[in-house]
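Residue-level structural notes
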Amino acid sequence: NEDSNNKDGSVALCASCDRCRSRKTKCDGNRPCGNCASKYMKKHKLTSIEGIDLSEFECVYSPAKRRGPVPGRSGQSRKAGEAFGNSGGQFGGGGGMDQDWSQAA
């Protein structure tokens, strides 16, 4: 059961690369992205990235996080509802303390 995969079997990737996500900067989604390319050019004192292999850049897109409920754990919400339904003993129906006060007065 692979719900995180697309219809063609490839894993969905995040919209921004790991470096842009950690620095919380805007990522253009290219490979390499503009931020990673400018970092590489500044580090190696280059004016363009023409002819450089993509593996040289540290621009990595991680798989997207799975969101939503965990499959097969639907019984947990039912148990929580039963726990709240059985709490009548402690807080329910005019306990003995109220009756003692009304008889004493």
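In this text, all values refer to a predicted model and were calculated from it rather than measured experimentally. (Residues numbered from 1 in each chain as written. Predicted model: local features only at pLDDT ≥ 70, side-chain atom pairs only at ≥ 80, totals over all residues. Heavy atoms only, no water.)

1. Thoughts on the confidence of the model for the protein chain
When pLDDT is averaged along the protein chain, the result is 76, and 62% of the positions lie at 70 or above. Mean pLDDT in the protein chain bottoms out at helix α4 (residues 88-91), which sits at 54, and peaks at helix α1 (residues 18-23), which reaches 94. (pLDDT = per-residue confidence, 0-100. Helix = DSSP H or I, 4+ residues; strand = E, 2+ residues; numbered from the N terminus.)

2. Let's talk about unusual backbone geometry
Between Arg 31 and the following residue, Pro 32, the backbone shows a cis peptide bond with an omega angle of -5°. Its identity is not glycine, yet Lys 24 carries a phi of approximately 55°, on the positive side. Here Lys 24 lies in the loop between α1 and α2 (34-44). At Lys 45, a residue that is not glycine, the phi angle is positive and equals roughly 55°. If you trace the backbone, Lys 45 turns up in the loop between α2 and α3 (75-85).

3. Things to note about the nonpolar core
Residues Cys 17, Cys 20, Cys 27, Cys 33, Cys 36, Tyr 40, Phe 57, Cys 59 and Tyr 61 constitute the largest nonpolar core, which totals nine residues. Sequence-distant contacts of Cys 20, defined by excluding residues within four places in its chain, comprise Thr 25, Lys 26, Cys 27, Cys 33 and Asn 35. (Core = buried A, V, L, I, M, F, W, Y, C linked by side-chain atoms within 4.5 Å. Buried < 20%, exposed > 50% of the residue type's maximum accessible area, 1.4 Å probe, protein only. Contact = heavy atoms within 4.5 Å.)

4. Here we look at the pattern of salt bridges
What the rule picks out here adds up to two salt bridges. The closest approach of N and O atoms between Glu 58 and Lys 39, which form a salt bridge, is 3.4 Å. Here the residue Glu 58 occupies a position in the loop between α2 and α3, and Lys 39 occupies one in helix α2, the gap between them amounting to 19 residues. (Salt bridge = Lys/Arg side-chain N within 4 Å of Asp/Glu carboxyl O.)

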